[in-house]
Amino acid sequence: MYSETTRLRRAKSYHDNFISSDLDETKQYIGQAIKPHALTLLDRKQSLSVKVGRTAFGRLSFMYIHHGADVHVYPGKLETLFLFQVPIHANKQEVRVGSSVIQVSPGIAYVVSPTLDLELRMSKYCDNVVLAVERSGLEQFLEQLLQRRLDRPLEFSPRVDLDQHGSQELVRLMSHMTRQLNLPSSSLRNPLVQAQAESLLMSTMLINLEHNYRDELLSETAAPKPHHVKKAQAYILENAQSTLTPEDIAREACVSVRSIYAGFQTYLHCTPMAYVKNVKLDKINEELKQGDAGAISVSEVVSKYGISSLGNFSASYRRRFGELPRETLRRKRF
């Protein structure tokens, strides 16, 4: 396992490289890649010697981070990203994720979920490799696997034992993909291959790491749903811009309203209208991510989906995606 992480460290041809001894420059660079954060030197006699390598890959990015000084880092809740952070050298590295405090070592990594508070203390000897995954991408992928909408945010157990086969498999896959992506030309960049590679890595992460949906994911509850439930789902997706009622959905699925409610509760763990709401949120999120802040407004996109209360919508949107709609629209891909 050590050899896999050191290979990630040696991938000096990351597509983007950053070297600095300036605290503000470092905060700005890593803040753009992950999240704005507080960065403090724990020993005023020391100076930063920061080295960062980063390769973006669709909804993922691979990073190597070394601060070169004893530091305290406090980003709070990441909100829009999941991080899987693997130490190369972990001398005196302590991490708090939510209420969990982890003493990081070469055999102990950690996962940060966007809904949990993050705080780090690292010595100058620490360096880490990081897999960052967009929250919306991973949660939507999980929904595809479960064949239903999530009823609560995805949260991973923070502590990861690198002696386990599953976590080793994920690190080996990270190592392989990073090496391939950092080559001058890689088939992984082909759109036909990229989607499959992203799916493979996210599947490996969801299957092998502990989280609050893992038991369901590995059980038979993700089995095919009844025809009337699948028909109702398809109808909602095709008519996301319309104002839908339970009666409309039941009529299209050729069953009673009572049967629609029972089917959604049993197989999707939500009511039909909660499912409609989440579909609208997902569609709006996709349009805002692809939109140009100078050409469209949030209200224009939202009104297409029959939503009149922008305040209530914004609160629901933030709960689902970790940021406000206007922040999604203005956010530039780094």
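So, a few notes on the structure that sits alongside this text. None of these values were measured; they are calculated from a predicted model.

Parameters at a glance
Residues numbered from 1 in each chain as written. Predicted model: local features only at pLDDT ≥ 70, side-chain atom pairs only at ≥ 80, totals over all residues. Heavy atoms only, no water. Phe/Tyr/Trp six-rings, centres within 6.5 Å; stacked < 30°, edge-to-face > 60°. Helix = DSSP H or I, 4+ residues; strand = E, 2+ residues; numbered from the N terminus. Buried < 20%, exposed > 50% of the residue type's maximum accessible area, 1.4 Å probe, protein only. Pairing = 2+ DSSP bridges. Axes fitted to C-alpha atoms, helices over the stretch in contact; angles between N-to-C directions. Polar contact = N/O pair within 3.5 Å; in protein donor to acceptor, adjacent residues only side chain to side chain. 1 Å grid on protein atoms, 1.4 Å probe; cavity = no way out; pocket = protein on both sides within 12 Å on 5 of 7 lines; lining within 4 Å. Points joined across faces, edges and corners; volume = space filled by probe spheres on them. Arc of directions from axis to C-beta. Contact = heavy atoms within 4.5 Å.

**Structural notes on the packing of aromatic side chains**
Alright, step 1. A complete count under the given rule lists five aromatic pairs for this structure.
Alright, step 2. Their ring planes at 80° and their centres at 5.6 Å tell us that F82 and F156 sit as a pair that is edge-to-face. Linking F82 in strand β6 (residues 81-89) with F156 in the loop between α3 (135-146) and β12 (159-161), this pair joins segments that are 74 residues apart in sequence. Like F156, F82 is buried.

**Re the sheet that holds strand β9 (residues 108-112)**
Alright, step 1. The antiparallel open sheet is built from seven strands, whose spatial order is β1-β3-β4-β11-β6-β9-β12. Across the chains shown, the open sheet's two edge strands, defined by having one partner strand only, are β1 (16-20) and β12. On average, each strand axis in the sheet is inclined to that of its neighbour by 20°, with strand direction left out of account.

**Brief notes about the environment of E300**
Alright, step 1. Relative to the helices and strands, E300 is located in helix α11 (residues 298-303).
Alright, step 2. Separated by 3.1 Å, the side chain of E300 and the backbone nitrogen of S297 make a polar contact.

**Re empty space enclosed by the protein**
Alright, step 1. Across all of its chains, the model carries two cavities of 30 Å³ or more by this definition.
Alright, step 2. Roughly 190 Å³ of internal volume is contained in the largest cavity.
Alright, step 3. Together, 15 residues line the largest cavity, and I30, I34, V73, Q85 and L120 are the ones closest to its centre.
Alright, step 4. Within the residue set of the lining of the largest cavity, elements represented by two or more residues are β5 (71-77), β6 and β10 (117-122).
Alright, step 5. A total of three residues in the lining of the largest cavity trace back to one element, the largest contributor, which is β10.

**A look at the pairing of β10**
Alright, step 1. In this sheet, β10 lies alongside β5 in antiparallel orientation, the contact comprising five bridges. Residue pairing across strands places H72 opposite R121, the latter belonging to β10.

**A few points about helix α8 (residues 246-253)**
Alright, step 1. Along α8, the residues that are buried comprise P246, I249, A250 and A253. Taken around the axis of α8, the buried residues stretch over an arc of 95°, which confines them to a single face.
Alright, step 2. Buried residues along α8 sit in contact with α7 (227-238), α9 (257-267) and α10 (272-290).
Alright, step 3. In the segment just after α8, C254 is the residue with positive phi, at about 65°.

**Points about α9**
Alright, step 1. Looking at α9, one finds that the buried residues are I260, G263 and F264. Taken down its axis, α9 places every buried residue within 95° of arc, on the same side.
Alright, step 2. Check the buried side of α9 and you find it contacts α7, α8 and α10.
Alright, step 3. Positive backbone phi, at 60°, marks H269, one or two positions downstream of α9.

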